[in-house]
Amino acid sequence: MSDQIIIAAAALVAIGIIALAALRGWQGWLTLKERELDRVGARPLREIEGGAQMGGARIEIADLKERIRRLEAIASGVDL
């Protein structure tokens, strides 16, 4: 009976230590992400023509690729 209590107590202590280490790691990760967000927020976002920001830039690039595809199709004589 005594051995079971010792094993249970040791397991409980081990789980507590693992939980505290995981919590410490999680807090460190959150701090890192917060610093990254602060760094990105401090500098102005890069812009491309028309004043589009990062999210809009992806849409604009996709639109330009579509236009190029259509022009290439017209040049090769294919109707879309």
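Treat the numbers as computed from the prediction; the structure is a model and nothing was measured.

J.: I'm lost on the overall build of the chain in this one. Help?
T.: Summing up its helical and strand segments, the chain has two helices and zero strands in all. Looking at the chain as a whole, 4% of its 80 residues qualify as buried. For the chain, the exposed surface amounts to about 7400 Å²; the carbon and sulfur share of it is 64%.

J.: So what exactly am I meant to see when it comes to the pattern of salt bridges here?
T.: When the charged atoms of two side chains with opposite charge come close together, those side chains can pair. Scanning all chains against the criterion turns up four salt bridges. Among the salt bridges present, the one from Arg-70 reaches Glu-66, with a minimum N-O distance of 3.3 Å. Of the two residues, Arg-70 and Glu-66 both sit in helix 2 (residues 54–76), four residues apart, roughly one turn of that helix. Overall, Arg-70 belongs to the partly exposed group, its relative accessible area being 47%. Taken together, the salt bridges that share partners define one network made up of Glu-66, Arg-69 and Arg-70.

J.: Before we go on, may I ask you to explain a nonpolar patch on the surface in this structure?
T.: On the surface, Leu-20, Leu-23, Trp-26, Trp-29, Leu-30 and Leu-32 cluster together into a nonpolar patch covering about 630 Å² of accessible area. In this structure, Leu-20 sits in helix 1 (residues 2–42).

Rules of the game
Residues numbered from 1 in each chain as written. Predicted model: local features only at pLDDT ≥ 70, side-chain atom pairs only at ≥ 80, totals over all residues. Heavy atoms only, no water. Helix = DSSP H or I, 4+ residues; strand = E, 2+ residues; numbered from the N terminus. Buried < 20%, exposed > 50% of the residue type's maximum accessible area, 1.4 Å probe, protein only. Areas by Shrake-Rupley, 256 points an atom, 1.4 Å probe, with all protein chains shown as cover. Salt bridge = Lys/Arg side-chain N within 4 Å of Asp/Glu carboxyl O. Patch = residues over 30% accessible without salt bridge, like charges linked within 9 Å, V, L, I, M, F, W, Y side chains within 5 Å.

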